[in-house]
Amino acid sequence: MQKHSLQSITILGSTGSIGVSTLDVVARHPDRYSVYALTAHSKVDALAEQCARFHPQVAVVGTAEAASALTALLKKAGLKTAVSYGPAALCDVSSAAGCDVVMAAIVGAAGLPSALAAAQAGKKILLANKEALVMSGQIFMDAIHESGATLLPIDSEHNAIFQCLPLDYARVPDSHGIHKILLTASGGPFLRRAVESLADVTPEEAVAHPNWSMGRKISVDSATMMNKGLEVIEAHWLFGAAADQIEVVIHPQSVIHSMVSYADGSVLAQLGNPDMRTPIAHALAYPERIASGVEPIDLAKIAELHFLRPDFQQFPCLKLAFDALRAGGSSAALLNAANEIAVEAFLDRKIGFRKINELIATVMAKIPSTSVKDLDALLEQDQRARDLANSLITS
Ligand code: NAD
Ligand code: MG
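A brief structural summary. (Residues numbered from 1 in each chain as written. Chains lettered and ligands numbered in written order. Predicted model: local features only at pLDDT ≥ 70, side-chain atom pairs only at ≥ 80, totals over all residues. Heavy atoms only, no water.)

### Section: the overall build of the protein chain
Secondary structure summary: the protein chain contains 16 helices and 11 strands in total. For 395 residues, the compact-globule estimate of 2.2 N^0.38 gives 21 Å, and the protein chain sits close to it at 20 Å. Its C-alpha atoms put the protein chain at 55 × 55 × 45 Å along the principal axes. Looking at the protein chain as a whole, 55% of its 395 residues qualify as buried. Relative to all contacts within the protein chain whose residues are 6 or more apart in sequence, the contacts with residues 24 or more apart total 71%. Mean positive and mean negative side-chain charge positions of the protein chain (32 and 40 charges, respectively) differ by 3 Å. (Helix = DSSP H or I, 4+ residues; strand = E, 2+ residues; numbered from the N terminus. Rg over C-alpha atoms; globule rule 2.2 N^0.38 Å. Buried < 20%, exposed > 50% of the residue type's maximum accessible area, 1.4 Å probe, protein only. Contact = heavy atoms within 4.5 Å. Lys, Arg positive; Asp, Glu negative; His and termini not counted. Charge placed at Lys NZ, Arg CZ, Asp CG, Glu CD.)

As structure tokens, this is what we get:
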């Protein structure tokens, strides 16, 4: 029988879509993984149930009130999990000596400090929280290299690209005859709609993704295609690829999760059912392969795969993201912050769908990009963009 060392894992954002899928895979392999810490912002009941099932050493929530509610639930169930709360506690559980692997699955900028703490502590980081890398780019990658941490992509496209790249690639432009990264996109729920018809779409329509079941923020990002824009920037940092070496291809079936095109004309693709348990299992066990609970694809049943070029007129957010990548400096952080505020306002029915890209464009035009050397400077730029976006919404 094969022997594995037991790895202990912190799941940041365990009650979310990625968090729940991660626990599903972990539960299939009790011989390989134990849970060190679980975290949730406010879903105390769900977190208490996860504690009863996975017995983490620590559970972290957002506020003191949530912490006392969770403590009461755990006490009632006779569980020994310690409870803490707040941003510093998230950094503690992602850098603790007792944890080997950190799944970064908090949504948005709120996940940056804890993901960065894991990077600085030299952990094996499974990165779902793309906003953290989009915001912090060089700072994050420097932390990875300085500490010797391992960074594995969970985003299905980046996980696919990682699987299609040579094992020993360094940077995409430099070596191995890599021509381009082909980043696939489903096109989201509004792919076949005229852009002029989208002014009055509701949050419910926008979050109804044709292929993937995900959290609300990323679902809206998929409808605007800002998600693909963030992923272009994410690919730049993960694989060292310039903007011109990343091509977005719309592929409505979401069967091919992305591709790498080589100088000799070969294109390598990774295919699978649209289920995040595949990239999660891949990254958890890498370089081994383990069962994820995902069925193999039935190609004859899928029958056809389609591809289209994206239209920047129809998806202005995609263009804004390419512009931010080319501009460099704090541009991507400004883009991300404005987008987070705009998406939240759209979900709260304060602005219409078409205002999302307008708001981001205004913020990008009004705040000059600066070079950001550390987390404090970065968070200052992030806050400036949020303040401006919020004032534009209220005015
Ligand atoms: P979700 O909304 O379902 O879950 C978010 C998690 O983050 C929850 O556990 C929540 O408690 C926690 N959280 C939210 N705000 C927080 C805060 N301020 N402080 C601490 N914790 C907070 O989101 P999701 O769909 O699971 O996505 C998580 C991340 O993974 C996002 O960055 C998303 O872009 C990325 N991602 C998701 C998918 C997917 O299929 N869901 C695919 C690729 C990438
Ligand atoms: Mg993705």
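### Here's the deal with the pattern of salt bridges
As enumerated under the stated definition, the model contains 18 salt bridges in all. Across the pair K217 and E131 runs a salt bridge whose closest N-O atoms are separated by 2.8 Å. You can see K217 sitting in helix 9 (residues 216–224) and its partner E131 sitting in helix 6 (residues 130–147), a full 86 residues away along the chain. Neither K217 nor E131 differs from the other in exposure class; each is buried. A salt bridge links E157 to K228; the shortest N-O distance between them is 2.8 Å. Of this pair, E157 sits in helix 7 (residues 156–164) while K228 sits in helix 10 (residues 226–239), and the two are 71 residues apart along the sequence. Several salt bridges converge on common partners, so that one network encompasses K130, D155, E157, K228 and E231. (Salt bridge = Lys/Arg side-chain N within 4 Å of Asp/Glu carboxyl O.)

### Brief notes about the site of ligand 1
What surrounds ligand 1 is a group of 22 residues, the closest being T15, S17, H41, E131 and G215. In this structure, an oxygen atom belonging to ligand 1 sits 2.9 Å away from a main-chain N or O atom of S17. Here an oxygen atom of ligand 1 sits 2.8 Å away from a polar atom, N or O, in the main chain of H41. The fraction of the free accessible surface of ligand 1 (830 Å²) that becomes covered by protein chains is 85%. Those elements giving two or more residues to the shell around ligand 1 turn out to be helix 1 (17–27) and helix 6. In the shell around ligand 1, the residues fall into 11 nonpolar, 8 polar and 3 charged. Of the domains in this structure, domain 1 (7–153) and domain 2 (156–274 + 299–314) are the two that each give at least three residues to the shell around ligand 1. (Near = heavy atom within 4 Å. Polar contact = N/O pair within 3.5 Å; in protein donor to acceptor, adjacent residues only side chain to side chain. Areas by Shrake-Rupley, 256 points an atom, 1.4 Å probe, with all protein chains shown as cover. Nonpolar A, V, L, I, M, F, W, Y, C, P; charged D, E, K, R; others polar. Domains from an automatic or database assignment.)

### What about the side chain of S186?
Note on placement: S186 falls in the loop between strand 8 (178–185) and helix 8 (203–207). Separated by 3.0 Å, the side chain of S186 and the backbone nitrogen of G188 make a polar contact. A polar atom in the side chain of S186 sits 3.1 Å from the side chain of H209. Apart from residues no more than four positions distant in its own chain, S186 is found in contact with L191, H209, N211, I250, H251, P252 and S254.

### So, the coordination of the magnesium ion (ligand 2)
Taken together, D155 (OD), E157 (OE) and E231 (OE) make up the protein donors of the magnesium ion (ligand 2), found 2.1 to 2.2 Å from the metal. Written as a sequence motif, the donor arrangement for the magnesium ion (ligand 2) is D-x1-E-x73-E. Separated by 74 residues along the polypeptide, E157 in helix 7 and E231 in helix 10 bring together distant segments of the chain. When sorted by exposure, E157 lands in the same class as E231, which is buried. (Donors = N, O, S within 2.8 Å, 3.2 Å for Na, K, Ca; no water.)

### Digging into the packing of aromatic side chains
In this structure the tally under the stated criterion is 4 aromatic pairs. Look at F162 and Y286: their rings are 5.1 Å apart centre to centre, the planes differ by 65°, and that puts the pair in the edge-to-face class. With F162 in helix 7 and Y286 in the loop between helix 11 (277–285) and helix 12 (299–302), this residue pair connects regions lying 124 residues apart in the sequence. Assessed through its relative accessible area of 17%, F162 is described here as buried. Taking 5.2 Å as the distance between ring centres and 85° as the angle between the ring planes, the aromatic pair formed by F190 and F353 counts as edge-to-face. Within this pair, whereas F190 is found in the loop between strand 8 and helix 8, its partner F353 is found in the loop between helix 14 (331–347) and helix 15 (355–366), the two being separated by 163 residues in sequence. Of the aromatic side chains, those joined through ring pairs into one cluster are F190, F346 and F353. (Phe/Tyr/Trp six-rings, centres within 6.5 Å; stacked < 30°, edge-to-face > 60°.)

### Quick notes on the nonpolar core
In a soluble, globular protein the nonpolar side chains are often hidden away together inside. Counting residues in hydrophobic clusters, the biggest one holds 133 residues, and the most contacted among them are M103, F140, I154, F239, L335 and F353. It is helix 14 that contributes the most residues to this core, 12 residues altogether. (Core = buried A, V, L, I, M, F, W, Y, C linked by side-chain atoms within 4.5 Å.)

### Notes on the environment of R193
Tracing the chain through its elements places R193 in the loop between strand 8 and helix 8. When the C-alpha atoms of R193 and Q314 are compared, they prove to be 8.8 Å apart, with 121 residues separating the residues in sequence.

### Comments concerning unusual backbone geometry
A cis amide bond links Y286 with the next residue in sequence, P287, at an omega value of 5°. One can find P287 in the loop between helix 11 and helix 12. Even without being glycine, A303 reaches a positive phi, approximately 65°. Within the secondary structure, A303 is located in the loop between helix 12 and helix 13 (316–327).

### Side note on the packing of helix 15 against helix 16 (residues 375–394)
The geometry of a pair of packed helices is captured by two quantities: the angle between their axes and the separation between those axes. Between helix 15 and helix 16, whose axes approach to 10 Å, the crossing angle comes to 130°. Viewed along their axes, helix 15 and helix 16 adopt a mutual orientation that is oblique. Note on packing geometry: the crossing formed by helix 15 with helix 16 is right-handed. Every residue of helix 16 that contacts helix 15 at L359, T362, V363 and K366 is listed here: A385, L388, A389, L392 and I393. Considering only residue class, the contact of helix 15 with helix 16 consists of 7 nonpolar, 1 polar and 1 charged. (Axes fitted to C-alpha atoms, helices over the stretch in contact; angles between N-to-C directions. Parallel < 35°, antiparallel > 145°, perpendicular 65-115°, else oblique. Left-handed = near helix turned anticlockwise from the far one by under 90°.)

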